Amino acid sequence: MAKSAAPDFHQIESLGEDIKRYVLSILGNDLYPPDPFRYYSGLAYAIRERLIKMWLATQASYYDSMSKRVYYLSMEFLPGRFLMNYITNMGMEDGCRQAAADLGFGLDDLAEEERDAGLGNGGLGRLASCYMDSMATQRIPGYGYGILYDYGLFHQRIVNGWQEEEADNWRRHGSPWVIDRVEHLYEVKFYGRSEAYNDPQGVLRYRWAEADTVMAMPCDILIPGHGGKHVTNMRLWAAASSTGFSLRDFNQGDFLGAMQSKIHSENISKVLYPNDEPIQGKELRLRQQYFLVAATLRDIIRRHKKSGPGFAEFPDQVAIQLNDTHPTIAVAELMRILVDEEFLGWDEAWDICRRTFAYTNHTVLPEALETWPADLLGRVLPRHLEIIAEIDRRFLLEVAVAHPGDQVRQNRLAIIDPASRRVRMAHLAIVGSHKVNGVARLHSDILREKVFPEFDALYPGKFTNVTNGITPRRWLLQANPALSRLITSRIGPDWTTDLDRLAELLPLADDPDFRKDWRAAKRENKKRLARYVLRKSGMGINPDTLFDVQVKRMHEYKRQFLNVLHVVTLYNRLRRDPALAVPPRTVLIGGKAAPGYFMAKRIIRLITAVAETVNADDAVRSRLRVVFLPNYCVSQAEKVIPAADLSQQISTAGMEASGTGNMKFALNGALTIGTLDGANIEIMEAVGRENIFIFGLTAKEVEATRAAGYDPGRRVAADAELAEALDMIGRGYFTPSEPDLFTPILDNLLRHGDYYLVTADYRACLEAQDAVNALYLDPEAWTAASIRNTANMGFFSSDRAVLEYAKNIWNIEPLGE
Ligand SMILES: *Cc1c(COP(=O)(O)O)cnc(C)c1O
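Residues numbered from 1 in each chain as written. Predicted model: local features only at pLDDT ≥ 70, side-chain atom pairs only at ≥ 80, totals over all residues. Heavy atoms only, no water.

Participant: Help me understand the overall build of the protein chain in this model?
Facilitator: Of regular secondary structure, the protein chain possesses 33 helices and 23 strands. Here the protein chain has a C-alpha radius of gyration of 27 Å; the compact-globule value for 817 residues is 28 Å, and the two agree. Projected onto its principal axes, the C-alpha positions of the protein chain cover 90 × 75 × 60 Å. The buried share of the protein chain, reckoned over its 817 residues, is 61%. In the protein chain, the share of contacts with a sequence separation of at least 24, taken over all contacts with a separation of at least 6, comes to 77%. Put simply, the protein chain shows about 30600 Å² of open surface, and 52% of that area lies on carbon and sulfur atoms. (Helix = DSSP H or I, 4+ residues; strand = E, 2+ residues; numbered from the N terminus. Rg over C-alpha atoms; globule rule 2.2 N^0.38 Å. Buried < 20%, exposed > 50% of the residue type's maximum accessible area, 1.4 Å probe, protein only. Contact = heavy atoms within 4.5 Å. Areas by Shrake-Rupley, 256 points an atom, 1.4 Å probe, with all protein chains shown as cover.)

Following this line, the structure appears as structure tokens:
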């Protein structure tokens with residue numbers, strides 16, 4: 001391509017006409033009456049057309065440069081909405097605003113018509129999407145690979161105070177962002193058996209016989225980098241039956257039988273599994289994992305062969321990042337392809353494998369460390385179980401050489417647990433990778449020192465850390481136009497791709513005029529959120545109160561219950577002393593509970609019950625309000641986070657791997673109240689101890705407290721306010737018609753040892769909240785701290801994170817301009 005005559009892919013002039021043409025011809029709809037969803041779709045298709053042209057140019061530059069590429073394998077992506085992200089990253093905002101206005105619409109109203117792509121549970125999927133944005137922006141050649149679920153994470157409704165789940169059929173009306181590639185189908189096998197045979201040279205080989213097959217269809221979603229010069233591809237697989245509508249079956253009279261097998265095949269990409277469900281042993285989940293892996297490796301190898309070199313050069317051309325253990329069966333699949341299909345020797349294949357894969361661990365919760373019963377795995381993937389057993393055998397020989405005679409150690413490290421006959425996917429991932437990383441410094445330390453110390457001793461240097469990051473494009477530029485405009489007006493626009501530049505705001509924290517503008521931006525966001533809450537729940541909230549926000553998945557370790565105890569205590573204090581010198585507060589809590597997670601659902605009911613009581617009490621009305629925000633998702637986060645004054649990050653120390661919600665809030669100028677957990681520690685170091693409210697036990701103290709046999713009863717007896725709050729909840733103060741509703745929550749605390757140490761951290765939490773109140777009553781000091789938070793968040797850009805991966809793990813150079 002000639003470098004000089006850069007084609008203009010944006011073509012703003014014809015945008016209005018293109019939108020109308022799409023509404024008419026592609027969507028087959030009338031232009032009148034002007035329906036916003038149709039015009040959103042028309043605009044989306046017009047943008048998509050421009051993007052495809054740009055992408056074709058990017059593809060050419062990949063092949064030109066023959067550069068190494070990274071393949072980011074993830075069972076989840078949580079992109080949210082695409083339209084405004086495409087428009088801002090392509091620099092088309094002004095043009096689109098004008099085109100929308102000419103057609104009689106506001107651009108933001110059209111954007112609201114889009115349904116979120118909710119193909120992930122929360123943090124892990126959202127991280128993958130932030131990394132896609134940063135890879136595109138930083139010109140790191142790579143692809144995301146995942147599954148195109150028909151149904152994303154369920155929609156949450158609140159009915160009579162309880163969570164109800166609704167199916168999320170997000171593509172019911174089609175999606176302009178998904179490009180089906182019907183021409184590139186791959187076969188994926190399941191079941192059958194492994195068969196030994198002798199090849200013509202008499203060498204013993206294995207093949208997969210009598211397998212069922214399912215077709216995998218690639219569906220691409222293009223991810224434009226900021227500035228619009230580079231586009232990355234996210235390839236999501238959809239399952240299709242290999243038979244389709246089989247005329248042969250039909251003629252033989254087995255129509256329903258044929259349809260049954262079609263349905264069975266297509267089930268694979270039907271629905272995303274929610275977190276925290278007991279999925280172990282669920283065959284469909286295992287099939288999903290292998291489906292992603294098998295189709296993706298086919299695609300990678302096809303591309304590798306097309307570009308020329310042999311398999312010896314594979315690790316120089318290909319890096320595969322495993323986002324958690326979910327795609328770890330890839331280790332066995334690549335071995336199977338290299339040994340059984342490409343006829344490489346075991347040692348050579350194994351060397352290629354290890355140099356290709358790297359594994360990111362996302363959790364130390366023991367219940368989340370994935371294992372599969374060996375017999376289930378062997379039934380679904382017979383040859384893979386054999387290969388895993390061989391990897392395990394050779395690995396245990398290594399262990400035996402390092403620690404002769406230590407059978408106990410061998411059993412602990414084994415990939416297939418000899419006692420339970422379960423395959424430990426984390427062990428397979430560690431053994432099969434050249435790098436293993438945690439997602440925040442504390443988490444990576446815990447992995448090395450507590451969870452996998454023997455692996456660390458065996459493989460010095462394999463364990464490393466890459467602290468998570470978030471994309472400043474979506475989470476500041478796009479979600480917070482008011483603040484972005486203010487920042488750009490003072491330091492110019494370069495912060496959007498070089499977030500360290502925000503440090504130039506630091507001196508402005510001492511400038512009263514700038515602080516006034518900063519407060520005005522925050523107030524605009526709070527008004528926007530108040531309108532949203534009114535629209536969604538009919539409830540009015542006051543933008544001139546302290547917005548105290550905790551939004552994230554509901555989980556006991558995240559301790560939404562501790563937040564509730566603070567609310568109840570504050571309520572009691574206000575009832576006793578209506579003149580109490582604290583700022584009026586609006587507490588907003590949102591998050592989905594896994595459908596089968598009893599305790600998390602009960603905590604949602606507790607929050608809605610406390611909200612009903614508090615909000616109905618005229619005595620505290622203007623001082624305290626509590627709102628449960630239903631259906632927390634990316635598009636909601638984009639409205640909630642820029643409006644927050646206070647960000648609650650209060651997990652039991654040692655249990656949150658990193659968190660990324662914490663970063664989004666601080667970047668938008670919220671002050672954090674939090675524990676020394678996950679990335680909170682690094683956020684504290686960055687923003688300064690005086691600009692964050694840290695409380696509670698450290699990870700080491702949590703461990704020691706548990707080891708010493710913690711007694712919550714003594715703690716409660718010694719703390720009158722805590723005892724009162726627990727007593728009100730336990731006796732049905734908030735649910736008089738069902739007084740026993742929260743007994744299970746209280747039992748967990750008082751009878752079962754309070755594993756998450758809520759009572760242990762309660763008093764420290766309240767003291768930290770006292771400090772919050774005091775600072776908020778001094779708006780100038782609060783605003784200065786808020787500015788210092790934003791200004792010091794440069795490190796937490798996902799651009800920094802992907803560049804670390806590229807340098808230390810993938811060995812990939814970003815492409816030049
Ligand atoms: C960022 C984000 C998360 C992760 O939040 P944490 O507070 O880190 O758990 C979950 N869900 C959505 C929709 C997000 O945007």
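Okay, back to it.
Participant: Sorry, what's going on with the site of the ligand here?
Facilitator: Around the ligand, 13 residues are found, and the nearest of them are K552, K558, T660, G661 and K664. Interatomic distance of 2.7 Å between a side-chain N/O atom of K552 and an oxygen atom of the ligand. Contacts to the ligand include K558, whose side-chain N or O atom sits 2.8 Å from an oxygen atom. Mapped onto the shell around the ligand, the elements with two or more residues apiece are α6 (123–137) and α25 (661–667). A class-by-class count of the residues in the shell around the ligand yields four nonpolar, five polar and four charged. (Near = heavy atom within 4 Å. Polar contact = N/O pair within 3.5 Å; in protein donor to acceptor, adjacent residues only side chain to side chain. Nonpolar A, V, L, I, M, F, W, Y, C, P; charged D, E, K, R; others polar.)

Participant: I keep staring at the packing of helix α1 (residues 15–26) against helix α4 (residues 93–102) and nothing clicks. Help me out?
Facilitator: The geometry of a pair of packed helices is captured by two quantities: the angle between their axes and the separation between those axes. At a closest axis distance of 9 Å, the pairing of α1 and α4 adopts a crossing angle of 60°. Considering the angle they form, α1 stands oblique to α4. α1 and α4 meet at a crossing whose hand is right-handed. Residues L15, G16 and I19 of α1 form the contact with α4, whose participating residues are G95, C96 and A99. In terms of residue class, the contact of α1 with α4 is made up of four nonpolar, two polar and no charged. (Axes fitted to C-alpha atoms, helices over the stretch in contact; angles between N-to-C directions. Parallel < 35°, antiparallel > 145°, perpendicular 65-115°, else oblique. Left-handed = near helix turned anticlockwise from the far one by under 90°.)

Participant: Could you clarify how one ought to interpret a positive patch on the surface in this entry?
Facilitator: On the surface, K527, R531, R535 and K536 cluster together into a positively charged patch. With respect to the helices, strands and loops of the structure, R535 is situated in helix α21 (residues 512–537). (Patch = residues over 30% accessible without salt bridge, like charges linked within 9 Å, V, L, I, M, F, W, Y side chains within 5 Å. Salt bridge = Lys/Arg side-chain N within 4 Å of Asp/Glu carboxyl O. Lys, Arg positive; Asp, Glu negative; His and termini not counted. Charge placed at Lys NZ, Arg CZ, Asp CG, Glu CD.)

Participant: Would you take a moment to explain the side chain of Q289 for this structure?
Facilitator: Take Q289: it is sitting in helix α9 (residues 283–307). The exposure class of Q289 is buried, given its relative accessible area of 0%. Non-local contacts of Q289, meaning those with residues more than four positions away in its chain, are made with M75, H326, I329, E370 and W372.

Participant: Looking at this model, I keep getting lost on unusual backbone geometry. Mind explaining?
Facilitator: Trans is the common state for peptide bonds, and a negative phi is the common state for residues other than glycine. In this structure, F343 takes a positive phi of about 60° despite not being glycine. Mapped onto the elements of the fold, F343 is located in the loop between α11 (329–341) and α12 (346–356). Judged by its relative accessible area of 43%, F343 is partly exposed. The phi angle at N631 is positive, at roughly 60°, despite the residue not being glycine.

Participant: What is the right way to look at the sheet that holds strand β23 (residues 693–694) in this model?
Facilitator: Spatial ordering of the open sheet is given by β20-β19-β18-β21-β22-β23, a layout of six strands whose pairing is parallel. Sheet topology places β20 (624–629) and β23 at the edges, where each strand pairs with a single neighbour. Relative to strand β22 (residues 671–674), strand β21 (residues 646–649) is paired through four bridges, and the arrangement is parallel. By the bridge assignment, L646 is partnered in β22 with L671. In the packing of helix α32 (residues 779–791) onto the sheet, contacts are made with β21, β22 and β23, and the angle to β22 comes to roughly 85°. (Pairing = 2+ DSSP bridges.)

Participant: What should I look at first to understand the pattern of salt bridges in this one?
Facilitator: Once their charged atoms are close, side chains differing in charge can pair, the charge on each being opposite to the other. Evaluated as defined, the whole model comprises 70 salt bridges. Two residues, D299 and R235, come together in a salt bridge whose shortest N-O distance is 2.8 Å. Residue D299 is found in helix α9, and its partner R235 is found in strand β10 (residues 231–241); the two are separated by 64 residues along the sequence. Exposure class is identical for D299 and R235. Each is buried.

Participant: Can you walk me through the UniProt feature "modified residue: N6-(pyridoxal phosphate)lysine" (unreviewed entry) in the protein chain in this structure?
Facilitator: On the UniProt side, "modified residue: N6-(pyridoxal phosphate)lysine" (unreviewed entry) is annotated at positions that read K664 here. Tracing the sequence through the fold places K664 in helix α25. In this view, K664 contacts R126, I470, W475 and I641; residues no more than four positions away in its chain are not counted. (UniProt positions renumbered as here; feature names shortened; annotations may be inferred.)

Participant: Help me out: how do you make sense of the packing of helix α23 (residues 598–616) against helix α30 (residues 743–750) in this one?
Facilitator: At their nearest, the axes of α23 and α30 sit 9 Å apart, and the two run at 115° to each other. α30 is crossed by α23, and the crossing has left-handed handedness. Of the residues in α30, those touching α23 at F598, M599, R602, I603 and L606 are P744, I745 and N748.

Participant: What is the right way to look at the packing of aromatic side chains in this model?
Facilitator: Here the distance between the centres and the angle between the planes together describe a pair of aromatic rings. Enumeration according to the criterion identifies 27 aromatic pairs in this entry. Here Y22 and Y45 contribute two aromatic rings whose centre-to-centre distance is 5.7 Å and whose plane-to-plane angle is 25°, an arrangement assigned as stacked. Of the two residues, Y22 sits in helix α1 while Y45 sits in helix α2 (residues 36–65), which places them 23 residues apart along the sequence. A residue is classified by how much of its surface remains accessible, and Y22, at 10% relative accessible area, is buried. (Phe/Tyr/Trp six-rings, centres within 6.5 Å; stacked < 30°, edge-to-face > 60°.)

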